[in-house]
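What follows is the residue order along each chain.
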Amino acid sequence: MNVKEINDVYNNLNNKFQGAKVVKIDLHIHTPASKCFEKAGNTEDFCYKSLVKEAVENDIKIIAITDHNTFDGFNKVKHLLNDQNDIEFQKLQKNICILCGIEIDCLSKHLLAIFDVTFKEELQQKFMIEIGLNENCDVVDTYGPSKLVEIIEKYGGIAILAHVDAKNGFFEEFSKESIFSGRTIAKLLREKALCGIQYCNDLAKIKIEELIKQKDYLGNDTNIAFLKFSDAHGIVVNGKYTGRSGHKIGEEYSLIKLSESSFYGLKLALKDPDSRIISRIENIEDERPYIIGMALDCELFSKNFSNYTLIRFHKQMNCLIGGRGTGKSTILKILNYILNGDINKNKDKLYWFHSAILYVKWNKEVYAIGGSYFEEVDEYTNEISRNLKRKTYKLEGEKFRYIGKNSDVLFFILGYMQGQLSNMQENPNAILEIIEYFGIMRNGKDIEKNTKTIENLNKRLSLKLEEYERNTHKKKLITFLKDEDYINKYCHFKEIIANAVDNKFLIYKDIVDEINKVLNKYVKLEIKKGFSYKDRSLLLEIFCKKIQENYNYEKMIKIKKILKHVMEYSSARDKFIFLRY
């Protein structure tokens, strides 16, 4: 395994499909085909091309041309993209999906109808005739909004309520003079063909969400996508937006998780808004590490590049599907083996692989961890031992550079098999085991040092107590109380143990705080210490202050010492002992 191999595998891995991506979409854009569009003295062709260029520059992957009551804007853009005289503009369509659309005026309220790029002009005309739009009529008054949504679906389109909380929006007002009653809007929202609601103001969105949760509207039965679009009515010239309404392209948009930037992918995603529509806050890139992919040289898997089997992972959830014996568990074990350096002497054949390369992104940097194991047979005992060889590389520019065998960069993985997950449901301490595992991986040396301190001193104390019990029989407590030298050593050891326990607790608490940040508001973990040595000392101090009123100082000190010895002995034996006089 060398640097060239690491680079070649990475380049091939990046060409593999990695699943759904979060992309920007803007499904409400006007062109000079809308009378309210502001050209600001520019030619129509210049405006059409500028709109597409602005979308590409702002990394918007899907746009829809939605002029008022006409498809002319989309048809013009499509014509310009086929113009052989402007090759540079033609190339832009490789980076963006431009959909056919229209903004329909339905009895003073606006509704977006969006179709695939293949929606031809003949179908456009047929659709417009059916809904009642023609040269002499620029408003749909033949049908109500619910029927109009059904017709859009009939032609294979997507229906979205436009800017519902602004002028000409369906939620602009709910007064008695409103054209549509609450019942009419409730019926519209229950239409399965309705795919989304475009809103402008975040506060208005919250109010609308609360409204449509009521049983007269959607209730809890149906989810609907809430979307933001630019509603652009102009272009950007010399840094200034020319439109009188809406926003410049790239200022308002929606984030949506798609496997491919297409009309079909968009339509599927809008039907699953809870998991596919992403808020801008959720999309902020954090520093949590994730595995980009892996390359395996293992006889269990067929090779798809050179000597390796390439597996590309998604940065979020991944699902390995296959029958028994196809290698699902093997992949998890190899991940654990390479990242954790888990040298397992188990003779399980699932560990038998020649080499593996894992590519990990952490703190916006990409690392490659190449690992392989070799077996050594003890010539005297014939026992087989497995030893891990691991090398770490870092991506600098377009090439990886070797940074050492034992890099300071720490990677680890926590994985469970199906049976283990099932057992965890019945184990209330499972989450504590996970926290402890994270603690070991992050602060292994500190955890090990404090754990050994606790174990060794507790063992010494326990052995001493057993010795007392053997020698004194029923008088063990009295002997314990009188042995001042042992008591001093005992308390000294207990303080060291208490400090070690506190150190471990602080490590675990930091991990719990980080887990809570990841879990956000959905679940909150809290870790607390038990009744500790320091707590017992504090309790004793409080008690002694109470009895000081009835006893002189010397008696109070004597009582305090006896009680302290009793408490320590009792806690060491996990039971309470009371003195009898």
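It should be noted that the structure appears before, not after, this text.
Residues numbered from 1 in each chain as written. Predicted model: local features only at pLDDT ≥ 70, side-chain atom pairs only at ≥ 80, totals over all residues. Heavy atoms only, no water.

## A short note on the overall build of the protein
The number of helices and strands found in the protein is 18 helices and 17 strands. Residue burial in the protein is summarised as follows: out of 581 residues, 42% are buried. (Helix = DSSP H or I, 4+ residues; strand = E, 2+ residues; numbered from the N terminus. Buried < 20%, exposed > 50% of the residue type's maximum accessible area, 1.4 Å probe, protein only.)

## A short note on the sheet that holds strand 10 (residues 254-258)
The nine strands lie next to each other as 7-6-5-4-3-2-1-10-11, forming an open sheet whose pairing is mixed. The sheet terminates laterally at strand 7 (225-227) and strand 11 (277-278), the two strands that pair on one side only. As defined by bridge partners, strand 3 (residues 97-106) adjoins strand 4 (residues 109-115) across seven bridges and the pair is classed as antiparallel. When the sheet's bridge partners are listed, Ile-104 is paired in strand 4 with Leu-111. Where helix 5 (residues 121-131) meets the sheet, its contacts fall on strand 3 and strand 4, and the angle it forms with strand 3 comes to roughly 15°. Where helix 6 (residues 145-154) meets the sheet, it contacts strand 3, strand 4, strand 5 (158-161) and strand 6 (194-198), and its direction lies at approximately 10° from that of strand 4. (Pairing = 2+ DSSP bridges. Contact = heavy atoms within 4.5 Å. Axes fitted to C-alpha atoms, helices over the stretch in contact; angles between N-to-C directions.)

## Looking at helix 3 (residues 72-81)
Among the residues of helix 3, Gly-73, Phe-74, Asn-75, Val-77, Leu-80 and Leu-81 are the ones counted as buried. Buried residues in helix 3 make contact with helix 2 (44-57), strand 2 (60-68), helix 4 (87-91), strand 3 and helix 5.

## Brief notes about the pairing of strand 1 (residues 21-29)
Two elements, strand 1 and strand 10, share five bridges in a ladder whose sense is antiparallel. Bridging from a neighbouring strand, Lys-24 pairs with Leu-255 of strand 10. Two elements, strand 1 and strand 2, share four bridges in a ladder whose sense is parallel. From the neighbouring strand, Asp-26 faces strand 2, where its bridge partner is Ile-63.

## Describing the pattern of salt bridges
Under the counting rule described, the total for this entry stands at 15 salt bridges. The partner of Lys-61 in a salt bridge is Asp-59, and the shortest N-O contact between them spans 3.3 Å. Relative accessible area serves as the criterion here: at 27%, Lys-61 is assigned to the partly exposed category. Exposure remark for Asp-59: the relative accessible area of 44% places this residue in the partly exposed category. A salt bridge links Glu-448 to Lys-452, with the shortest nitrogen-to-oxygen separation between them at 3.4 Å. (Salt bridge = Lys/Arg side-chain N within 4 Å of Asp/Glu carboxyl O.)

## What about the pairing of strand 14 (residues 355-362)?
With six of its eight residues buried, strand 14 lies for the most part within the structure. Sheet topology places strand 12 (residues 290-297) next to strand 14; seven bridges connect them, and they run antiparallel. The residue of strand 14 that forms the bridge with Leu-296 is Ala-356. Where strand 14 folds back on strand 15 (residues 365-377), the antiparallel hairpin that results is connected by two residues, among which Asn-363 adopts a positive phi of roughly 55°.

## Focus on the packing of aromatic side chains
Enumeration according to the criterion identifies eleven aromatic pairs in this entry. Residues Phe-71 and Phe-127 carry aromatic rings whose centres are separated by 6.3 Å and whose planes lie at 65° to one another, so their mutual orientation is edge-to-face. Taken together, the residues Phe-71 in the loop between strand 2 and helix 3 and Phe-127 in helix 5 connect sequence positions 56 residues apart. Per residue, the accessibility class of Phe-71 equals that of Phe-127, and both read buried. The structure contains a cluster of three or more aromatic residues connected by ring pairs, namely Phe-71, Phe-115, Phe-119, Phe-127 and Tyr-155. In this arrangement the basic side chain of Lys-24 is found over the ring face of Tyr-253, its NZ or CZ atom lying 4.7 Å from the centre. (Phe/Tyr/Trp six-rings, centres within 6.5 Å; stacked < 30°, edge-to-face > 60°. Lys NZ or Arg CZ within 6 Å of the ring centre and 35° of its normal.)

## Considering the packing of helix 5 against helix 6
Where helix 5 contacts helix 6, the two axes come as close as 11 Å, and the packing angle between them is 160°. When the interaxial angle is binned, helix 5 and helix 6 end up roughly antiparallel. Of the two possible hands of crossing, helix 5 and helix 6 adopt the one that is right-handed. Between helix 5 and helix 6, the residues in contact are Phe-127, Glu-130 and Ile-131 and Leu-148, Ile-151, Ile-152 and Lys-154, respectively. Residues that form the contact of helix 5 with helix 6 fall into these classes: five nonpolar, no polar and two charged. (Parallel < 35°, antiparallel > 145°, perpendicular 65-115°, else oblique. Left-handed = near helix turned anticlockwise from the far one by under 90°. Nonpolar A, V, L, I, M, F, W, Y, C, P; charged D, E, K, R; others polar.)

## Description of the environment of Ile-511
Tracing the backbone shows Ile-511 in helix 16 (residues 484-519). Classification of Ile-511 as buried rests on a relative accessible area of 5%. Sequence-wise, Ile-511 and Gly-439 are 72 residues apart; in three dimensions their C-alpha atoms are separated by 7.0 Å. Those residues in contact with Ile-511, other than ones at most four positions away along the chain, are Ile-435, Phe-438 and Gly-439.

## Quick notes on the environment of Lys-120
By the secondary structure assignment, Lys-120 is in the loop between strand 4 and helix 5. What makes Lys-120 exposed here is its relative accessible area of 55%.

## Description of the nonpolar core
If you look at soluble globular proteins, the nonpolar side chains tend to sit buried side by side. Membership of the largest hydrophobic core comes to 57 residues, with the highest contact counts inside it found for Ile-98, Ile-104, Phe-115, Phe-127, Ile-152, Leu-161 and Phe-171. Beyond its immediate chain neighbours, meaning those up to four positions away, Phe-115 contacts Phe-71, Leu-99, Cys-100, Phe-127, Ile-152, Tyr-155, Gly-156, Gly-157 and Phe-263. Core analysis: the next-biggest nonpolar cluster, separate from the first, contains 23 residues, Leu-27, Leu-112, Cys-195 and Ala-269 among them. (Core = buried A, V, L, I, M, F, W, Y, C linked by side-chain atoms within 4.5 Å.)

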